[in-house]
Amino acid sequence: MLDRDRQFATPFLAPGEQLRAAAPVSLAPGVPRPPEELLTPRRPGELEQRLARPFGLLRRAYAVVNPASAAVGAVEDRLMDAVPDSVWHGRGMDGGWPSTAGRLVVRLHEDGADGSALLALTDRRLLLIADRAKLWQFTEQHALQAELPRHEITAARRNAKGVTQRGRVDLHFRDGSWLGLTTPLPSAADELAAAF
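Scope of this entry: the structure provided in the associated data block.

Structural notes on helix α6 (residues 186–195)
- The complete set of buried residues in α6 reads Ala188, Ala189, Leu192 and Ala193. Projection of α6 onto a plane perpendicular to its axis shows the buried side chains occupying an angular sector of 135°, all on one side.
- Where the residues of α6 are buried, they touch β1 (19–27), β3 (116–122), β6 (153–158) and β7 (168–173).

Structural notes on the nonpolar core
- Counting residues in hydrophobic clusters, the biggest one holds 28 residues, and the most contacted among them are Leu119, Leu128, Leu171, Phe173 and Leu179.
- When near neighbours in sequence (up to four residues on either side) are disregarded, Leu119 contacts Ala21, Ala22, Ala23, Val25, Leu126, Leu127, Leu128, Leu171, Leu181 and Leu192.
- By size, the runner-up hydrophobic cluster in this structure holds seven residues, among which are Ala9, Ala22, Ala120 and Ile129.

Concerning helix α5 (residues 100–107)
- Across the eight residues that make up α5, a large majority, six, are buried.
- Listed as buried for α5 are Thr100, Ala101, Gly102, Leu104, Val105 and Val106.
- Tucked into the core, α5 has its buried residues touching β1, β2 (93–94), β4 (125–131), β5 (142–149), β7 and β8 (178–182).

Looking at the environment of Ala120
- Mapped onto the secondary structure, Ala120 falls in strand β3.
- Using a relative accessible area of 0% as the deciding quantity, one classes Ala120 as buried.
- Along the sequence, Ala120 and Arg6 sit 114 residues apart, while their C-alpha atoms lie 8.4 Å from each other.
- Sequence-distant contacts of Ala120, defined by excluding residues within four places in its chain, comprise Ala9, Leu19, Ala21, Ala22, Arg125, Leu126, Leu127 and Ile129.

What counts, and at which threshold
- Residues numbered from 1 in each chain as written.
- Predicted model: local features only at pLDDT ≥ 70, side-chain atom pairs only at ≥ 80, totals over all residues.
- Heavy atoms only, no water.
- Buried < 20%, exposed > 50% of the residue type's maximum accessible area, 1.4 Å probe, protein only.
- Helix = DSSP H or I, 4+ residues; strand = E, 2+ residues; numbered from the N terminus.
- Arc of directions from axis to C-beta.
- Contact = heavy atoms within 4.5 Å.
- Core = buried A, V, L, I, M, F, W, Y, C linked by side-chain atoms within 4.5 Å.

Shown next as structure tokens:
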């Protein structure tokens, strides 16, 4: 566990709670995006609202100046959206949206989170801590994105796949659902699996 990860997780610990492992994680490829109706509507900030119009104008101007490239980009986007990640990478979760795995995926997409967080495992809980800082802010602003009692997790299995998922860990939950998470370093995935 890196000292940086330990420092970010420590303020979220309850008195007497012991940190076992911490590592940055992202949802594994193949985890579907939750339906929009399950997500809390995000209200754009003031700066986003101010920049939306100029960026929209630039996008339309680019399409006029270089229509072939804009058309190719649009087709690529549609093709990538038409083929789910699970076709390329295998399944990333099992269980519907009401399952424990589904609820964690929804939480990792809410409040501006992008499907990544710091996973902290303690002797009592699993914590997912997200950085809520905006792109233009220089300091990180961590907030508790989700937490789960430790007894809800039945297993954490290493499941390295190919080159892009060497640091993958699959969390299995008491309700039978499971969720794949990837870490940037395989050694961090080994540490998380061992801590469970």
